[in-house]
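Per-entry structural report
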Amino acid sequence: MTTVKIGVSKSYDVLIGSGLIDEVGRLMSRVTASRRAAVITDDIVGAIYAPRLLTSLSESGFDAFTFTIKNGEGSKNAANFTAALNRLAEKGLTRGDTIIALGGGVVGDLAGFTASAYLRGVRFVQVPTTLLAAVDSSVGGKTAINLDVGKNLAGSFHQPALVVCDMETFKTLPEQILRDGLSEVIKYGVIGNEKLFEHIAEKGGGFDREYVVSECVKMKDGIVSRDEFETGLRRILNFGHTVGHAVEKLSGFTVSHGSAVAIGMATVSRAAARTGICSESCLKQIISAIKSIGLPTDNPFKTAEIYKAVMSDKKISDFGITVVLPERIGKCVLKEMPLDELKVFLEAGV
Ligand code: NAD
Ligand code: GLY
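The notes below deal with the structure included here. Predicted model, so just to flag it, every value in this text is computed and none were measured.

A look at the overall build of the protein
Across its full length, the protein carries 13 helices and 11 strands. Taken against the 2.2 N^0.38 rule, which gives 20 Å for 350 residues, the C-alpha radius of gyration of the protein at 20 Å falls within 12% of a compact globule. In terms of principal-axis extent, the alpha carbons of the protein reach across some 60 × 40 × 35 Å. Taken over 350 residues, the protein has a buried fraction of 59%. Across the protein, every contact between residues at least 6 apart in sequence was considered, and the portion connecting residues at least 24 apart equals 73%. Working note: accessible area of the protein is about 13600 Å², and carbon and sulfur atoms make up 52% of it. If you average the places of the 40 positive and of the 39 negative side-chain charges in the protein, the two averages end up 2 Å apart.

Section: the environment of Ala-79
In this fold, Ala-79 is placed in helix α3 (residues 78-90). Separated by 75 residues in sequence, Ala-79 and Val-4 have C-alpha atoms that sit 35 Å apart.

Some remarks on the packing of helix α9 (residues 241-250) against helix α12 (residues 303-310)
Packing of α9 against α12 leaves a shortest axis separation of 9 Å and a crossing angle of 100 degrees. Taken together, the axes of α9 and α12 are roughly perpendicular relative to one another. Packed against α9, whose contacting residues are Thr-242, Val-243, Ala-246, Val-247 and Leu-250, the element α12 presents Glu-305, Ile-306, Ala-309 and Val-310 at the interface. Here the residues of the contact of α9 with α12 are counted per class, giving 7 nonpolar, 1 polar and 1 charged.

Calculation notes
In this numbering scheme, every chain counts its residues from 1 along its sequence in written order. In the order they appear in the text, chains get letters beginning with A and ligands get numbers beginning with 1. Totals for whole chains, interfaces and linings use every residue, but because this is a predicted model, local features are given only for residues with pLDDT of at least 70 and side-chain atom pairs only at 80 or more, for both listing and counting. Only hydrogens and water are set aside; all other atoms, that is, all heavy atoms of the structure, feed into the side-chain values. Note on conventions: DSSP H or I runs of at least 4 residues are helices, E runs of at least 2 residues are strands, and numbering of each starts at the N terminus. The quantity called the radius of gyration is restricted to C-alpha atoms. Its globule counterpart is 2.2 Å times the number of residues to the power 0.38. Residue burial is assigned from relative accessible area. The probe radius is 1.4 Å, only protein chains are included, and a residue is buried under 20% of its type maximum, exposed over 50%, and partly exposed in between. Throughout, a residue-residue contact means that at least one pair of heavy atoms, one from each residue, lies within 4.5 Å. What sets the accessible areas is the Shrake-Rupley method with a 1.4 Å probe; for residues, cover comes only from the shown protein chains. Working convention for charge: Lys and Arg count positive, Asp and Glu count negative, and His plus the chain ends are omitted. To locate a charge, take NZ of a lysine, CZ of an arginine, CG of an aspartate or CD of a glutamate. To get an axis, a line is fitted to the C-alpha atoms, and for a helix only the part in contact is used. The angle between two axes follows their N-to-C directions and goes from 0 to 180 degrees. Oblique is the label for every angle not falling under 35 degrees (roughly parallel), over 145 degrees (roughly antiparallel), or within 65 to 115 degrees (roughly perpendicular). Note that Gly is not counted as nonpolar here; it falls among the polar residues with everything else outside the nonpolar set of Ala, Val, Leu, Ile, Met, Phe, Trp, Tyr, Cys and Pro and the charged set of Asp, Glu, Lys and Arg.

Now the structure itself:
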């Protein structure tokens, strides 16, 4: 098992290994003396893994109940947020108790936001079951739900007390969902880890799971421990995400987060190459790595549509937006871009 300590204001461990889902109860005893917990999950993950998790909790003396949402991005909404809060209150969960997120990024974001709001904040444990959740969303404390106007527009920073990542759960992931996670891994490679990038470009779906998850989590620690609340450096993690969120929204969430981020990274990289920020060969490497894992690189929308959707991004401010640009594999820079410049830039990439 690999342990990565996340050095934010209230530090916590990310435990990465195999078979850990059966150990969650015992591991939770490290972070709480209370013996009550609520498990938030979705219908697919809950059906496969909730019985094992509940057994593990009960063996360690926990009295736990579940709240299950329908799987998919459409569930990360205000109605489920309110329903979850009501369920916790009806069950009498107290301030000392714990909410456990069992699932991918959708469950993690919704459960985290619920944990940050319920009784003004209760302890929260992440048990990520997708590659994307393991390498990114379960670590760093960003929680959110989507609003009608756009993605992740309501949320909070609420760090988990513990993250338990059982890589055996990836075995039941549909191939497309595993690929979505690899999109975020390519992101980590481009922004700061050439060796990791090369590993994915070479191995594709046959990547070394423990190495990849550990590298990404260590990188995430290196970033969020220096900029927990995204005032600067942490924005680097948004490489491909501004355009990606626009694509997700324009597609009515039929394009998955990972695929949309892949399109976003390709779009921004094309624009970076065309404006001389990175070389053509860097662009080629990024495009071919994305394609090699079976993810899309072509933007299906018009520049004007993307631009309009970007306008509802939460990262927009009066001056414009910060764009993450690749200079080479392993190095990205942040560039503050006024909105009129953004339009021209997007034109070059779309
Ligand atoms: P997801 O949570 O929707 O999971 C994808 C699908 O896989 C779902 O149908 C789910 O039921 C199923 N699934 C999950 N684990 C499984 C398993 N082990 N076996 C079989 N099926 C399984 O999607 P995701 O890609 O994990 O997360 C995407 C979400 O994460 C987006 O909402 C995105 O905005 C968010 N996100 C958040 C952050 C953050 O920092 N908070 C970072 C990146 C992404
Ligand atoms: N997923 C981007 C971040 O955590 O900042």
